[in-house]
Amino acid sequence: MDVFIDPPYLMDNLRACYEGTLLTAKKFICHIMNTATIAPNGDVLNCIHIRKPFGNILDAPFEEIWNSEAANTFRRQLLKNNLTPLCENCPFMSPAPRSVTRKIQSL
Ligand code: SF4
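Now for a description of the structure that goes with this document. This structure is a prediction, so every number in the text was calculated from the model and none was measured. (Residues numbered from 1 in each chain as written. Predicted model: local features only at pLDDT ≥ 70, side-chain atom pairs only at ≥ 80, totals over all residues.)

## Regarding the overall build of the protein chain
The condition that has to hold: The way it works is that DSSP assigns letters per residue, a run of H or I at least four long becomes a helix, a run of E at least two long becomes a strand, and they are numbered from the N terminus. To assign burial, the other C-beta atoms lying within 10 Å of each residue's own C-beta are counted, with C-beta atoms placed from the backbone; 20 or more indicates buried, 12 or fewer indicates exposed, and intermediate counts indicate partly exposed. Two residues qualify as being in contact provided that their C-beta atoms, derived from the backbone, are within 7 Å of each other.
Counting its secondary structure elements, the protein chain contains six helices and five strands. Listing every helix and strand of the protein chain by position from the N terminus yields α-α-α-β-β-β-β-α-α-β-α. On the principal axes, the C-alpha backbone points of the protein chain span a range of 50 × 35 × 20 Å. Going through the 107 residues of the protein chain one by one, you find that 15% of them count as buried. Here the contacts in the protein chain between residues at least 6 apart in sequence split such that 52% fall between residues at least 24 apart.

Pasting the structure below:
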């Protein structure tokens, strides 16, 4: 019988996952960071799990909300801080490619 672990990078980092040190062991990115979610009430969210609204499309144009300083700061902090503890259990987290890691260091 075969057992598959998904996402596959977890297999290489089982000990860190078990010990809760995954985010200190490697650089990760959120691969849906450039995806917006609009909640039924019009709130614009960057992350469906963190659910921090950056504005509401009933009050301001989407482009203005998405490119706001608050939304940009949120994304920048996610990258600089190697995501959040909540991300560690999220299927949208994945190891950062080396080229991305270099760009993150220059933020
Ligand atoms: S919890 Fe983290 S990895 Fe998952 S979608 Fe939100 S920001 Fe991305």
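Here the narrative resumes, following the displayed structure.
## Section: the nonpolar core
Where we set the bar: One nonpolar core equals one set of buried Ala, Val, Leu, Ile, Met, Phe, Trp, Tyr and Cys residues connected by C-beta atoms within 7 Å.
Judged by nonpolar contacts, F28, I29, C30, L78, L79, L83, C87, M93 and A96 together constitute the single largest core of nine residues. At the level of secondary structure, the elements contributing two or more residues to this core comprise β1 (28-30) and α5 (69-80).

## Describing the environment of K26
Here K26 is to be found in the loop between α3 (22-25) and β1. Taking the number of C-beta atoms within 10 Å as the measure of exposure, K26 has 15 and is therefore partly exposed. Once the C-alpha coordinates of K26 and N82 are considered, the two residues, 56 residues apart in sequence, prove to be 8.5 Å apart. Setting aside residues no more than four positions away along its own chain, K26 makes contact with N13 and P95.

## A look at the site of the ligand
Note the following rule: Being near a molecule or strand means, for a residue, that its backbone-placed C-beta atom lies within 6 Å of it. Three classes are used: nonpolar for Ala, Val, Leu, Ile, Met, Phe, Trp, Tyr, Cys and Pro, charged for Asp, Glu, Lys and Arg, and polar for all others, with Gly counted as polar.
By nearness alone, every residue bordering the ligand is listed as C30, I32, C47, H49, I50, L78, L83, L86, C87, C90, F92 and M93. Its residues assigned to classes, the shell around the ligand shows 11 nonpolar, one polar and no charged.

## What to know about the environment of V44
Among the secondary structure elements, V44 is positioned in strand β3 (residues 43-45). Taking the C-alpha atoms as reference, V44 lies 7.7 Å from F62; in sequence the two are 18 residues apart. Residues in contact with V44, not counting those within four places in the same chain, are A36, I38, P53, F54, G55, N56, I57, F62, I65 and W66.

## Topic: unusual backbone geometry
Phi at R51 is positive, roughly 55 degrees, even though this residue is not glycine. With respect to the helices, strands and loops of the structure, R51 is situated in the loop between β3 and β4 (53-56). You can call R51 exposed: it has 11 C-beta atoms within 10 Å. If you check the backbone angles, L83 has positive phi at about 70 degrees while not being a glycine.

## A short note on the sheet that holds β3
Keep this limit in mind: By the convention used here, strands pair only if DSSP detects at least 2 bridges between them.
Strand order in the open sheet made by the three strands is β2-β3-β4, with antiparallel pairing throughout. The sheet is open, and its two borders are formed by β2 (37-38) and β4, each paired with just one other strand.

## Points about the environment of M93
Within the secondary structure layout, M93 lies in strand β5 (residues 93-95). Each C-alpha atom of the pair M93 and I29 lies 5.7 Å from the other, and the pair is 64 residues apart in sequence. For M93, the contacting residues outside a window of four places in its chain are F28, C30, L83 and C87.

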